[in-house]
Amino acid sequence: MKLSLTRRLQLSIALLLALALLINLQLQIRSTRSFLEAQLSSHAQDTATSLALSLSPALAANDEVTAERMIAAVFDRGYYQRILWLDVFGKEKRFWESRPNPVAVPDWFAKILPIKAPESEALLNAGWAQKGSLLVVSNIGYAQVALWQSFVQWLLGSLFAFIALMTLVVLTVRNSLAPLHRMADAANQFIRQKLPMQLPEKIVAELEPLALALTRMSQQVVAQFNAQSEQIADLFQRLHKDEVTQLPNRLALLSALTQREQKSTPYKLIAMRVQNLKEINASGGFLQTNQLLQRFSDELLTMRHMEWYRLSGSEWVALCDTATQAHIAQHAPLRFCVAELSLDGSETISRCLAQIDEALNEAANAPTGKVSRQTHETLSGELWRSHLQRVIEHESFLFAEAHVTDISGELRGVELLPRTRAEDGLLHSAGAIFAQATKWHLTTEVEHAALRSILSCPLPHKHIYLNVSVNSLTQADYFADLVTLAKSYSLAVEMSERELLTHVLPFKVLSELRQNNIGFGLDGVTMSADLLKLLPMLRPDYLKLSLSLTDAGPSSALLNAVVKLGQSLEIEMIATLPSESDSSAWTNASVKGLLLPPIEPA
Amino acid sequence: MWILIAANSVELAPELLARIEKNHGKEARERLIDWQNLLASDAQEDFMHLEKVNQFFNRVQFIDDIEHWKKTDYWATPIEFLATNGGDCEDFSIAKYLTLIALGVPEQKLRITYVKALNLNQAHMVLTYFATPDAEPLVLDNLMNEIRPAGQRTDLAPVYSFNGSDLWLAKERSQGQLVGKSDRLSLWKDVMQRLAKDFKKAPFLKENEQ
C-alpha cells in the first residue's frame, strides 16, 4: 500500500514518540526500582544495627529468651522477609522468614522486574565479647506493590501523553505540509488537466522553484494552445468562404445550422438554385460567369435580415427569421427557382439539407418557379405542454442509442437520446422534445425525468453519454441522481457548444463531476472563437465535432488542425459523420479520434 | 578479603609524596615513607603486626576534628592522618585497621569498637583484635601504647562493635564519596580505587573475593 508523505511523517513521528515514551517508561521504572531497593537496604541496615544495639544488654546477661523475643517482636511487624541470628562461628541460631506474595502485583510483572532485597548485617556484642551477628532482609512485598503502582501510573501517563502528542503531531504535520499539498493539488490539476491550474498564493521558499516550473509549463501550454487556436481561426476564415463570391460557403452554413439546431427556435430558410448556369458558362466563359455571380451575390448581400450562403456551384441559401419576407429580384441572364422553408427548430442538419434539396427540386418543376413549405407541428402548443407534463410525471421515456466507436470499430460507448411516444403512436425526437421543453420552461424537469427513467431500468452497456443542460447540473437532486447512475456505469455528460456559451457553468460543478468520476464533454462543436477561449480552462474530456468540421472529409486541413489542438490538450475528438460519407475513408484516415456513425431513431 | 601478595613491593606514588611535601613539609613526607616501609614488612604473626602498627600510629598527635579540620566528625584517610600529623580516635582506629588489613591480618578478626573512656568521661573509639571469634579481644588504643586484653581495660566501657570496612563504607557514603552504588562489593571497589591512586605499587589492594 502506498503511503502519502503526510502519513509517512505521522507514522515515523508516532513510532519515534512511542519508542521515546517506552524508553522513558523503562528508565523511570528501573530508577524507581533502584530507589526502592536502596530504601529496602537502608531500612534493613537500620533495623539490623538498631536491633543489634538493643540486644546487647540481653546478650550481656546471657538472656537469649529475651533476645529472641525482641527479634520476634521486630519481625512480626511484617516489614521483614527474613531475620537470621548467627553465632560467633556463623552457625544459625534462630531463623525467621515470611514469603512475600503481593496479590496486587501480577506474576509476569514480578518476573520481569524482580526486586532484590539486600541483606544487611549487624554484629551482636555483649560488652567486649562477640556474640554473633544478625542478618536482616526487608520484605519486598511493599516495594513490589509500590513499583507496580508506579508502573501503572507511568504507563497510563505515557499513553495519555502519546495520544495528546500524536494529536498535536497530526495537526502540526498537516499544517506544515499544507503548502506542499496545495502545490501538489495544483500540479495534479495541471497533469490531469481537469480544472484551470491555479497556483496557491502562499508558497514556502522550498517550493518556489516548483511553482515557477509549473507556471512556465502552464504558460507554455497556453501559448501552444493560442498558436493552434489562431491557426484554426485562420483556417476557419479561409475555408468557410466561397472563392468566387466571397460569400460564406457550405461549411459555414452547416455551422450556422448547428447553432440554429441548438437554439431550438423556429426560423426560415430561403433556398435558390440557378437553373441555367451551364448555358451561361458555355456562352460567356467561366470568367464572365464568375463576374456575373459576384455581382449577383453582392446584390443578395444588400437584402436585410438575411444571411446568405453559397451552398454549391448553383445553389444559395439564406437564414432568416420566420417573419422575414424574401423578395428576390430577377437578375438576368440568371434564371433561378426559389424555395421557402419555415422550420420549427427541431430539425437535424441532415434533415434540413434534405428538405432544401427536396424543396428546390419541387420549385424547379413548379410553374412559378417558387415553392413554400412549412414544418407541421406534430402537436399544438398546449398539447405539447400536456404531453411534456405527462412524461415528466410518469417518467415514460424511450431511448434511441447512438453508438460511439473507435477507428477499429470497437464500441466505446452509447449516447442515449430520449424519445417520447405521442398518443397516436408517433415518436417525438429529442430535438422536438427539448425545443418544446425550452419553450415551456420545462427543460430541467424533462431532463430529470429522463434521468430517472434511465435509473429505473438497467442497461446492457458499460459507458453512457448523456445530454444535460447547465441548469440541471446545478440542481442538487439531479446531481445526486447522476452520481447514483455513475456508480453503475462509466458516465459522461455533455452539453451543446451553444448551451455552454449561453449559460455560465460554475467550475465547482466541473470539480464535483471529476470527484465523482463523471466525464464531461461538448456536443455540436463548431470551434467558434468564444469556445476556443474557454477550452484551456474547461479542458473537457471530449468534443463532438459538428458537420461543419467533418463535412469536408478526413483530409480537411481545418479538421486536422482541430484534432491536433485536441491532442495538445489531451481532449478526445468525436467526429459526427455526414450521412452519405464513406466510413472506410475515415477508418483509413490518419485522423486520430473516435467515429460516430449517423444517428438512427429507435 | 585482603591478601598480601608481595610484601616488599609497596610504593607510594611520587606525585603524592611531592604534593605532601609541598603542602605539609618534609617531615610529612618522611612519615609517609615510614608508613610505606611499614606496609612492606615481611609476613609475621598477627600480634607482631599489631604491635608495630599500634606503635607507629600512636606517635601521631591527638587533635579534635573541629580544631584540626574545622569540621565535626571528619574521618581522615591514613595518608591525610599522617600528612597532617594529627587526628582523633576514629582516625587512629581507621588508620590502624586499614594498615593491618593491608598487612594481611584477616578482616573478620578486627573490629572498630565504640567505647566510653570512663576516666575521661568521653566518647572514644578503639580497634579490637579477636584471635578467635569467641576469644577476649585485644585493644589497640591511642590512649596507651600497650596492647592489653579487653578485660584489663577497666578504663573503657564497650558500647558496640562494627565491622571495620562496613563502618568505613558507611562513612564514605555519608560524606558523599559513594553515590549510586548499592552493593557492598561495588562500594568497596570504589574506595579501593581512590586509595590506589595514591600508590604506585600496592599489591595489597588486589581483592580476593570469597
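Above this text is the structure in question.
Some points on the overall build of chain B
Here's step 1: The secondary structure content of chain B amounts to 8 helices and 9 strands.
Here's step 2: Here chain B holds 210 residues, and 51% of them are scored as buried.
Here's step 3: Carbon and sulfur atoms make up 49% of the accessible area of chain B, which amounts to about 10000 Å² in all.

Notes on the sheet that holds strand β9 (residues 370-374) of chain A
Residues and elements named next belong to chain A.
Here's step 1: Across the sheet, 5 strands lie side by side as β6-β7-β5-β8-β9; this open sheet has mixed pairing. Each edge of the open sheet is held by one strand with a lone partner, namely β6 (307-310) and β9. If you compare each strand with its neighbour and ignore which way they point, the axes differ by 15 degrees on average.
Here's step 2: Packed on one face of the sheet, helix α7 (residues 277-301) meets β5 (267-274), β6, β7 (315-320) and β8 (336-343) and runs near 10 degrees to β7.

Comments concerning the pairing of β5 of chain A
Residue and element names in this part refer to chain A.
Here's step 1: With 8 of its 8 residues buried, β5 lies for the most part within the structure.
Here's step 2: Neither face of β5 is open: one carries Tyr267, Leu269, Ala271 and Arg273, the other Lys268, Ile270, Met272 and Val274, and all of them are buried.
Here's step 3: Looking at chain direction, β5 and β7 are connected through 6 bridges and run antiparallel. By the bridge assignment, Ile270 is partnered in β7 with Ala318.

Quick word on the sheet that holds strand β6 (residues 138-140) of chain B
Residue and element names in this part refer to chain B.
Here's step 1: With antiparallel pairing, the 5 strands of this open sheet are ordered in space as β7-β6-β5-β4-β8. With one partner strand each, in any of the chains shown, β7 (148-149) and β8 (156-163) form the two edges of the open sheet.
Here's step 2: Against the sheet, helix α3 (residues 46-58) contacts β5 (122-129) and β6, and its axis sits at roughly 25 degrees relative to β6.
Here's step 3: Against the sheet, helix α6 (residues 89-102) touches β4 (110-117), β5, β6 and β8, its axis set at about 10 degrees to β5.

As for the interface of chain A and chain B
Here's step 1: Contacts between the two partners involve 12 residues from chain A and, on the opposite side, 18 residues from chain B.
Here's step 2: Taken together, both faces of the contact between chain A and chain B bury some 1400 Å²; the carbon and sulfur share is 64%.
Here's step 3: It is Leu123, Trp128 and Gln130 of chain A that lose the most area in chain A upon contact with chain B, and together they represent 56% of the buried surface on that side.
Here's step 4: Seen at the junction of chain A and chain B, the total is 0 salt bridges.
Here's step 5: On inspection of chain A and its partner chain B, the count reaches 4 residue pairs in polar contact (both at pLDDT 80 or more).
Here's step 6: Counting residues per element, the ones that place at least two in the side of chain A that touches chain B are α1 (5-60) and β3 (119-126) of chain A.
Here's step 7: The element contributing the most residues to the side of chain A that touches chain B is α1 of chain A, with 4 residues.
Here's step 8: Looking at the side of chain A that touches chain B residue by residue, the classes come out as 7 nonpolar, 5 polar and no charged.

As for the pattern of salt bridges
All names here are of chain B.
Here's step 1: Following the criterion strictly, the structure yields 23 salt bridges over all chains and no others.
Here's step 2: Residue Lys109 pairs with Asp46 through a salt bridge whose shortest N-O separation is 3.7 Å. In this pair, Lys109 sits in the loop between α6 and β4 while Asp46 sits in helix α3, placing the two residues 63 residues apart along the sequence.
Here's step 3: Owing to a relative accessible area of 17%, Asp46 belongs among the buried residues under this scheme.

Structural notes on α3 of chain B
Here's step 1: Here α3 of chain B spans 18 Å end to end across 13 residues, near enough to the 18 Å set by a 1.5 Å rise per residue.
Here's step 2: What α3 of chain B keeps buried is the set Asp46, His49, Leu50, Val53, Asn54, Phe56, Phe57 and Asn58 of chain B.

Digging into helix α6 (residues 250-263) of chain A
All names here are of chain A.
Here's step 1: With 14 residues, α6 extends 20 Å between its outermost C-alpha atoms, agreeing within 8% with the 20 Å of an ideal straight helix rising 1.5 Å per residue.
Here's step 2: Counting buried positions over the 14 residues of α6 gives 10, a clear majority of the element.
Here's step 3: All buried positions along α6 are accounted for by Leu251, Ala252, Leu253, Leu254, Ser255, Ala256, Leu257, Thr258, Arg260 and Gln262.
Here's step 4: Ser264 sits one or two positions beyond α6 and adopts a positive phi of about 60 degrees.

Quick word on the packing of helix α10 (residues 430-439) of chain A against helix α11 (residues 443-456) of chain A
Describing two packed helices takes the angle between their axes plus the distance from one axis to the other.
Residue and element names in this part refer to chain A.
Here's step 1: The N-to-C vectors of α10 and α11 enclose an angle of 140 degrees; their axes lie 8 Å apart at closest approach. As judged from the angle between their axes, α10 and α11 are oblique. Contact with α10, carried on its side by Ile433, Phe434, Ala437 and Thr438, involves Thr443, Val446 and Glu447 of α11 and no other residues of that element.
Here's step 2: Grouping the constituent residues of the contact of α10 with α11 by class yields 4 nonpolar, 2 polar and 1 charged.

What to know about the environment of Glu230 of chain A
Here's step 1: Residue placement: Glu230 of chain A occurs in helix α5 (residues 208-239).
Here's step 2: Between the alpha carbons of Glu230 of chain A and Ala529 of chain A there is a distance of 9.3 Å; along the sequence they are 299 residues apart.

What about the packing of aromatic side chains?
We describe a pair of aromatic rings using the distance from one ring centre to the other and the angle between the two ring planes.
Here's step 1: All told, the structure shown has 16 aromatic pairs over all chains when counted by the stated rule.
Here's step 2: Ring geometry for Phe296 of chain A against Trp316 of chain A: centres 5.5 Å apart, planes inclined by 85 degrees, an arrangement best described as edge-to-face. Note that Phe296 of chain A is positioned in helix α7 and Trp316 of chain A in strand β7, a separation of 20 residues in sequence.
Here's step 3: For Phe296 of chain A, a relative accessible area of 1% puts it in the buried group.
Here's step 4: Owing to a relative accessible area of 0%, Trp316 of chain A belongs among the buried residues under this scheme.
Here's step 5: Taking 5.0 Å as the distance between ring centres and 90 degrees as the angle between the ring planes, the aromatic pair formed by Phe56 of chain B and Phe57 of chain B counts as edge-to-face.
Here's step 6: Residue Phe56 of chain B is classed as buried on the basis of its relative accessible area of 8%.
Here's step 7: Given a relative accessible area of 0%, Phe57 of chain B falls into the buried group.
Here's step 8: Pairwise contacts between aromatic rings join Trp108, Phe109, Trp148 and Phe151 of chain A into one cluster.

Rules used in this analysis
- Residues numbered from 1 in each chain as written.
- Chains lettered and ligands numbered in written order.
- Predicted model: local features only at pLDDT ≥ 70, side-chain atom pairs only at ≥ 80, totals over all residues.
- Heavy atoms only, no water.
- Helix = DSSP H or I, 4+ residues; strand = E, 2+ residues; numbered from the N terminus.
- Buried < 20%, exposed > 50% of the residue type's maximum accessible area, 1.4 Å probe, protein only.
- Areas by Shrake-Rupley, 256 points an atom, 1.4 Å probe, with all protein chains shown as cover.
- Pairing = 2+ DSSP bridges.
- Axes fitted to C-alpha atoms, helices over the stretch in contact; angles between N-to-C directions.
- Contact = heavy atoms within 4.5 Å.
- Buried area = accessible area lost by both parts, 1.4 Å probe.
- Salt bridge = Lys/Arg side-chain N within 4 Å of Asp/Glu carboxyl O.
- Polar contact = N/O pair within 3.5 Å; in protein donor to acceptor, adjacent residues only side chain to side chain.
- Nonpolar A, V, L, I, M, F, W, Y, C, P; charged D, E, K, R; others polar.
- Expected span 1.5 Å × (residues − 1).
- Parallel < 35°, antiparallel > 145°, perpendicular 65-115°, else oblique.
- Phe/Tyr/Trp six-rings, centres within 6.5 Å; stacked < 30°, edge-to-face > 60°.

So, to be careful, I would describe these as geometric facts and stop short of saying anything about function.
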